[in-house]
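# Structural overview
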Amino acid sequence: MTTAIEVHGLRKAFREKVVVDDLDFSVSRGEVFALLGPNGAGKTTTINILTTLTSADSGSALVAGWDVRSQSTEVQRRISLTGQSAAVDDALSATENVIMFARLAGLGRGAARRRSVELIEQFDLVDAASQRVRTFSGGMRRRLDLALSFVVTPEVLFLDEPTTGLDTRSRRALWETIRQVAGGGTTVFLTTQYLEEADQLADRIAVLHDGRIAALGTPAALKSRVGGDTVELHDVRGTLRRAIPTDGSIADLRRALDVLDAEGAEGTVSLRRPSLDDVFLAVTSPTHSSLPMKEHA
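Residues numbered from 1 in each chain as written. Predicted model: local features only at pLDDT ≥ 70, side-chain atom pairs only at ≥ 80, totals over all residues. Heavy atoms only, no water.

## Some thoughts on the environment of Thr-153
Among the secondary structure elements, Thr-153 is positioned in the loop between helix H5 (138-149) and strand E7 (156-160). Spatially, the C-alpha atoms of Thr-153 and Asn-48 are 20 Å apart, while their sequence positions differ by 105 residues. (Helix = DSSP H or I, 4+ residues; strand = E, 2+ residues; numbered from the N terminus.)

This is the structure in structure tokens:
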């Protein structure tokens, strides 16, 4: 089976508020799939349904080949979830936390200790390995929480805003870890508030808006659909004075510069490429429905 997650017609409402509305998508094995959206768009609810923490009102979802509603125990055996807050025991040390999780996952005493050494080093917690978690900073707690998710490599790893609270160095170190996990065959389902994170990690991205998927595709494809490269002229105050579309080729860049030169333009020239910020703003604006942002079947 090449598909790790299959979702069809998924819907969830809390009282009168529809949070997830008729979702349809699939995720391939070994893929890093990012789910983006404004606060309240339905990202965490979607993860909660897929990890069996809550039930959908209608629709269906298979994770690792098992139905999340009728075969929840089988799903739970094949996944790992890291939520938005650190789920660690404050009274234990970092090492003790990892060993405890490893033993609960079925590892023997020696294997659990060896795994704890590997993960403590991997997540840069060596200097704090013997300290009680209650003394940890927010970033340290987050790294430990993430380390626990890797005690046993799951078929599908769900990461709900995993780098919240991490500094830039720790965030980038985690990106590399996620790449390694996906490279080993684990499917990664990621939600994040950091668009750069999705751009760096994801093979494909879905953008939720009002509980529906408003955009779906590779980062490059989504960015290409909101426009091409643009040569921009800014004055000394940084104000945009002129923007000339270009296909990005050397010949077309020369053409754009010739246009500015013929106009006697003065200022600073830069090449601007569409970003995920542009995609995000385009599909979450009132006019997003006019944009062809979804993949073709």
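## Regarding the packing of helix H3 (residues 94-104) against helix H4 (residues 109-122)
At a minimum axis distance of 8 Å, the contact between H3 and H4 shows a crossing angle of 130°. What the angle tells us is that H3 and H4 run oblique. By crossing handedness, the relation of H3 to H4 is classed as right-handed. Residues Ala-94, Thr-95, Val-98, Ile-99, Ala-102 and Arg-103 of H3 touch H4, and the partners they reach there are Arg-109, Ala-112, Arg-113, Ser-116, Leu-119 and Ile-120. Here the residues of the contact of H3 with H4 are counted per class, giving 7 nonpolar, 2 polar and 3 charged. (Axes fitted to C-alpha atoms, helices over the stretch in contact; angles between N-to-C directions. Parallel < 35°, antiparallel > 145°, perpendicular 65-115°, else oblique. Left-handed = near helix turned anticlockwise from the far one by under 90°. Contact = heavy atoms within 4.5 Å. Nonpolar A, V, L, I, M, F, W, Y, C, P; charged D, E, K, R; others polar.)

## Re the domain arrangement of the protein chain
By the assigned domains, the protein chain splits into domain 1 (3-88 + 136-223) and domain 2 (229-272). For domain 1 and domain 2, the distance between their C-alpha centres works out to 40 Å. (Domains from an automatic or database assignment.)

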